[in-house]
Amino acid sequence: MCSIICKKWLSQNGNKSLSWVKYVRYLSDKRKFYEEARICHSDGGFEINLDNRKLRTPIGKVVKVPNEGLAHAVSVEWNQQTDVIKSQLMPLTALCYEAMDSSFNRNSDVLAASVLKFLHTDTVLFHMEEPADLGQLQKEKWSKLVDWFSQRHSVNIKNTTGFGKPSISPNTIPILTNYLKSFNMWSLVGIEKMVNTMKSVIVSLSLIDRHVTVEEAVSLSRLEQEFQISEWGNVEWYHDVELSETRMKVAACALFVQLCSEESSIRYLNRATKLS
């Protein structure tokens, strides 16, 4: 069944890079075709088996993740599916697909550049003059974070108001490029997806450094929207769903980066082992 789906997608779209949206639209609401997802060790990595089938990307490549922790996390997503495969509830799987696909045509320089292109339009660097309450809120919430970020990376970044450009010191891009390249390719894919979701390099890297929590990061990236909600009210079944979805994606990216940035393994205890 899985191979049939992959072949059909290929016949319609060709061998191209998949975005998260394309993957979700293509695979959503497909009937579940397996009983259980398990992991197995394979050539220095870990694969996920759906019964006796290997999990493959939509273009047919076997998914091989770098460590056991990530493999278990992906298998949990597949084991939580019921009668219908809902890929929008499997963000870690989608990130694995992206990482597998990126390994063919992008290197760390390309991924770092893709992340840093958002810096000059970073959400937290553009403050509003009107209404005054919103401007004050942005100053209280965003300026403190920008100051911490500048000190953390030894750069000089200042916000702007209105339609002006933010002030970013010339050494910022080289320093942040080197910092991003200290991560491996899989981690960079997670960082790129996080930045795309929140439209902020500063908030995303602050979350990676654990300076803010997922909830705080999402709130900072949605500050203007949350201000408008407080003023005009919440649109039922829209704002709440959007907030939950954003938190899910950002949390998945943060977990993905953490799992891909560390060497981890899970050791099982023999039932006969006596614990002292």
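Right, let's walk through the structure included here.

Calculation notes
Residue indices follow the written sequence of each chain, beginning from 1 at its first position. Residues qualify for local features only when their pLDDT is at least 70, as the model is predicted, and side-chain atom pairs are given and counted only at 80 or more; totals for whole chains, interfaces and linings, by contrast, use all residues. The side-chain values count all of the structure's non-hydrogen atoms but skip hydrogen atoms and water molecules. Among buried residues, those of type Ala, Val, Leu, Ile, Met, Phe, Trp, Tyr and Cys that are joined through side-chain atoms within 4.5 Å constitute a nonpolar core. For each residue, the accessible area found with a 1.4 Å probe, counting protein chains only, is set against the maximum for its type, and the residue is called buried under 20%, exposed over 50%, and partly exposed in between. Pairs of residues are marked as contacts when any of their non-hydrogen atoms sit within 4.5 Å. Geometry of aromatic contacts follows a simple scheme: Phe, Tyr and Trp rings, the Trp one being its six-membered ring, pair when their centres are within 6.5 Å, and the pair is stacked under 30 degrees between planes, edge-to-face over 60, tilted otherwise. Numbering goes from the N terminus for both helices and strands, where a helix is a DSSP run of H or I of at least four residues and a strand is a run of E of at least two. An axis is simply a line fitted to the C-alpha atoms; with a helix, the fit covers only the stretch in contact. Between two such axes, the angle follows the N-to-C directions and lies from 0 to 180 degrees. For classification purposes, an angle smaller than 35 degrees is called roughly parallel, one larger than 145 roughly antiparallel, one from 65 to 115 roughly perpendicular, and anything else oblique. Helix crossings are classified by the rotation of the near helix relative to the far one: an anticlockwise turn of less than a right angle makes the crossing left-handed, while a clockwise turn makes it right-handed. Basically, the charged four are Asp, Glu, Lys and Arg, the nonpolar ten are Ala, Val, Leu, Ile, Met, Phe, Trp, Tyr, Cys and Pro, and anything else, Gly included, counts as polar.

Next up on the list: the nonpolar core. Across soluble globular proteins, nonpolar side chains show a tendency to be buried alongside one another. The biggest cluster of nonpolar side chains holds 69 residues, and the ones touching the most others in it are Val65, Leu70, Trp78, Leu180, Trp186, Ile191 and Phe256. Apart from residues lying up to four places away in sequence, Leu180 is in contact with Ala112, Val115, Leu116, Leu188, Ile191 and Leu205.

With that settled, the discussion passes to the packing of aromatic side chains. All told, the structure shown has four aromatic pairs when counted by the stated rule. Judged by centre distance (6.0 Å) and plane angle (20°), the rings of Trp186 and Phe256 are stacked. In this pair, Trp186 sits in helix 8 (residues 185-198) while Phe256 sits in helix 12 (residues 239-260), placing the two residues 70 residues apart along the sequence. Considered together, Trp186 and Phe256 belong to a single accessibility category, that of buried residues. In textbook terms, an aromatic cluster arises when at least three aromatic residues are bridged by ring pairs, as seen for Phe33, Tyr34 and Trp78.

Moving on to the packing of helix 4 (residues 91-105) against helix 12. Across the interface, helix 4 lies against helix 12 with an axial gap of 9 Å and an inter-helix angle of 55°. The angle between helix 4 and helix 12 falls in the class oblique. The crossing of helix 4 and helix 12 is right-handed. In this structure, helix 4 contributes Pro91, Leu92, Leu95, Cys96 and Ala99 to the contact, and helix 12 contributes Met248, Ala252, Cys253, Leu255 and Phe256.

Between helix 6 (residues 132-153) and helix 9 (residues 201-208), the shortest axis-to-axis distance is 10 Å and the interhelical angle comes to 65°. By the angle class used here, helix 6 and helix 9 are roughly perpendicular. Helix 9 is crossed by helix 6, and the crossing has left-handed handedness. Within the contact between the two elements, helix 6 uses Leu145, Val146, Trp148 and Phe149 and helix 9 uses Ile202, Val203, Leu205 and Ser206. For the contact of helix 6 with helix 9, the class distribution of residues is seven nonpolar, one polar and no charged.

The next point concerns unusual backbone geometry. Glu130 connects to Pro131 through a cis peptide bond whose omega is -5°. By secondary structure assignment, the location of Pro131 is in the loop between strand 7 (126-127) and helix 6. In this structure, Lys199 is a non-glycine residue whose phi angle is positive, near 55°. Turning to its location among the elements, Lys199 is positioned in the loop between helix 8 and helix 9. If you check the backbone angles, Arg210 has positive phi at about 65° while not being a glycine. When you line up the elements, Arg210 lands in the loop between helix 9 and helix 10 (214-221).

Remember, this is a structural readout, not a statement about activity or role.
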